[in-house]
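# Commentary on secondary and tertiary structure
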Amino acid sequence: MDWEYVEKEYDLKIYNLEKFKNVYKLETDKGTKCFKKAHARPSYFLFVFSAVEYLIQRGFRGAIAYNRTVHGDICLVEDEYIYYMLPWIESRQCRFKREEELKQAINTAAHLHIASEGFIPPEGSKPRIHYGKWPERFNKRYSEIILFKQIIEDKYEKDAFDEIYYPLIEYYLEQGYEAIKLLQNSPYMDISEESRKKGQFCHHDMAEHNFLLTFQGDMKIIDFDYCIMDTRLHDVASLVIRNMKRGIWDIDKAYFILNEYSKYNPISNRDLEIIKYFMTFPQDFWQIGLQYYVEEQPWTMEVFLSRLNTTKNDKDLRHNFLQKFLKF
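Reading guide: rules and limits
- Residues numbered from 1 in each chain as written.
- Predicted model: local features only at pLDDT ≥ 70, side-chain atom pairs only at ≥ 80, totals over all residues.
- Heavy atoms only, no water.
- Helix = DSSP H or I, 4+ residues; strand = E, 2+ residues; numbered from the N terminus.
- Rg over C-alpha atoms; globule rule 2.2 N^0.38 Å.
- Buried < 20%, exposed > 50% of the residue type's maximum accessible area, 1.4 Å probe, protein only.
- Pairing = 2+ DSSP bridges.
- 1 Å grid on protein atoms, 1.4 Å probe; cavity = no way out; pocket = protein on both sides within 12 Å on 5 of 7 lines; lining within 4 Å.
- Points joined across faces, edges and corners; volume = space filled by probe spheres on them.
- Nonpolar A, V, L, I, M, F, W, Y, C, P; charged D, E, K, R; others polar.
- Expected span 1.5 Å × (residues − 1).
- Contact = heavy atoms within 4.5 Å.
- Core = buried A, V, L, I, M, F, W, Y, C linked by side-chain atoms within 4.5 Å.
- Axes fitted to C-alpha atoms, helices over the stretch in contact; angles between N-to-C directions.
- Parallel < 35°, antiparallel > 145°, perpendicular 65-115°, else oblique.
- Left-handed = near helix turned anticlockwise from the far one by under 90°.
- Phe/Tyr/Trp six-rings, centres within 6.5 Å; stacked < 30°, edge-to-face > 60°.
- Lys NZ or Arg CZ within 6 Å of the ring centre and 35° of its normal.

What the protein chain contains, in helices and strands, is 12 helices and eight strands. On C-alpha atoms alone, the protein chain measures out to a radius of gyration of 21 Å, which is about the 20 Å that the 2.2 N^0.38 rule sets for 328 residues. A principal-axis box enclosing the C-alpha atoms of the protein chain has dimensions of 60 × 50 × 40 Å. The buried share of the protein chain, taken over its 328 residues, is 49%.

As structure tokens, this is what we get:
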């Protein structure tokens, strides 16, 4: 990106810049800014931009408003990428292992979902609409795991990743099948339709690095780049999963999160049923397979094996957790 062009478009002067992955911290004459590159179409970002504006208009204090250019544009476009700007918030990453910070993150997520209701994507935007699509998406992922199995079987020589992944496939296929059947025989479609009528949307990336704790003690949620139109239960289930990974899988902690969320945005027994079925599908096992066999991400074998072994090491704990979770 041409920085003189950025200065002209946003009518500011950049004194200094630092790069953190795909984000730049810009020191300017109009304050410190965050300038980010994203692989997205302007029509999708119009949805994201409008969703964040809607949250703020509805009184949600956890979002950060984007900056427009001097021409009123919401982003800059270069090939298949967009660039956008917003204020840089001095803060630190939330730590879910600290109970008080986890409570703040849960509170923030619950109020985001409350504020999202009634949102209508603007004309010209192209949101990702996931209402009613969980069974379809799970079936597709189930088929892809079968594809990964075929890819391994067709190999003349197996590598280190294949040797670990292949023996786990049948177990996770069985679990995936169970999740699909449970979901198909549940009130999911009714709940999803209710969410559609309410206009709910999800942040869709409940990672702790997206919850920022300011030095004034406020919680902000950032990076709406994966935002989707879907039932809030997608985010709720994801938030629970994020707190279970890497050897935790503690049913008491799961219910702590759900009960804490319910203080602000109640979860019914029907909702809880759907959350459990969402969590049953082996998302992590499918995803690392997709990244290795289909997307061929440019990572080292050590990175792939580390991610796969995290899933493998959680297998028994997760199995025991789900056995209890599905019963109570």
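Further notes follow.
Once that is clear, we can look at the pairing of strand β5 (residues 81–87). Regular strands place side chains that alternate from one sheet face to the opposite one. For β5, the buried fraction is high: five of the seven residues fall into the buried class. Inspection of the sheet shows strand β4 (residues 76–78) paired to β5 by three bridges, in the antiparallel sense. Paired with V77 across the bridge in β5 is I82. The antiparallel pairing of β4 with β5 creates a hairpin that spans two residues between the two strands, and D79 there sits at a positive phi of about 55°.

Let us look at the layout of surface pockets. The method is simple in principle: a probe with the dimensions of a water molecule rolls over the atoms, and the space it marks as empty is what remains. Taken as a whole, the second largest pocket encloses approximately 220 Å³ of empty space. Elements supplying a minimum of two residues to the lining of the second largest pocket: α3 (99–116) and β8 (219–221). With four residues, α3 is the single largest residue contributor to the lining of the second largest pocket. Among the residues making up the lining of the second largest pocket, the classes are represented as two nonpolar, five polar and three charged.

Taking 1.5 Å of rise per residue, the 20 residues of helix α4 (residues 134–153) would be expected to cover 28 Å, and the 29 Å separating its terminal C-alpha atoms lies within 8% of that figure. Within the sequence span of α4, burial applies to W134, P135, F138, R141, E144, I145, F148 and I152. Check the buried side of α4 and you find it contacts α5 (160–165), α6 (169–184), α7 (188–198), α8 (233–242), α10 (269–280) and α11 (283–294).

This part covers the nonpolar core. By size, the foremost hydrophobic cluster in this structure holds 91 residues, and its most contacted members are F45, Y66, F161, Y165, F201, F224 and F321. Of all the elements, helix α2 (residues 42–57) adds the most residues to this core, at nine residues. In this view, Y165 contacts F148, I152, F285, W286, I288, G289, Y293 and L308; residues no more than four positions away in its chain are not counted.

Interhelical geometry of α4 versus α6 gives an angle of 165° and a closest axis separation of 10 Å. Between α4 and α6, the angle falls in the class roughly antiparallel. Classified by chirality, the crossing of α6 by α4 is left-handed. In contact with W134, P135, F138, N139, Y142, I145, I146, K149 and I152 of α4, α6 contributes I169, E170, L173, G176, Y177, I180, L183 and Q184. For the contact of α4 with α6, the class distribution of residues is 12 nonpolar, three polar and two charged.

Its place among the elements puts L305 in helix α12 (residues 301–325). L305 sits 111 residues away from E194 along the chain, and the two C-alpha atoms are 41 Å apart.

The next thing to look at is the packing of aromatic side chains. Inspection of every chain in the model, using the stated rule, returns 36 aromatic pairs. On the numbers, 6.0 Å between centres and 80° between planes, the contact of F161 with F304 is edge-to-face. Residue F161 is found in helix α5, and its partner F304 is found in helix α12; the two are separated by 143 residues along the sequence. A single burial state applies to F161 and to F304, both of which are buried. Seen in terms of ring centroids, Y172 and F285 are 4.3 Å apart; in terms of plane orientation they differ by 25°. Their pairing is stacked. Taken together, the residues Y172 in helix α6 and F285 in helix α11 connect sequence positions 113 residues apart. Owing to a relative accessible area of 1%, F285 belongs among the buried residues under this scheme. Here a set of aromatic residues connected by ring pairs shows up, and it is made of F148, F161, Y165, Y171, Y172, F285, Y292, Y293, W299 and F304. Residue placement shows K37 over the ring face of Y81; its charged tip is 4.2 Å from the ring centre.

The five strands lie next to each other as β1-β2-β3-β5-β4, forming an open sheet whose pairing is antiparallel. Since the sheet does not close on itself, it has two edges, and those belong to β1 (14–20) and β4, each with one partner. If you compare each strand with its neighbour and ignore which way they point, the axes differ by 25° on average. As judged from the six bridges shared by β1 and strand β2 (residues 23–28), these two strands associate in the antiparallel manner. The residue bridging F20 from the neighbouring strand is V23, located in β2.

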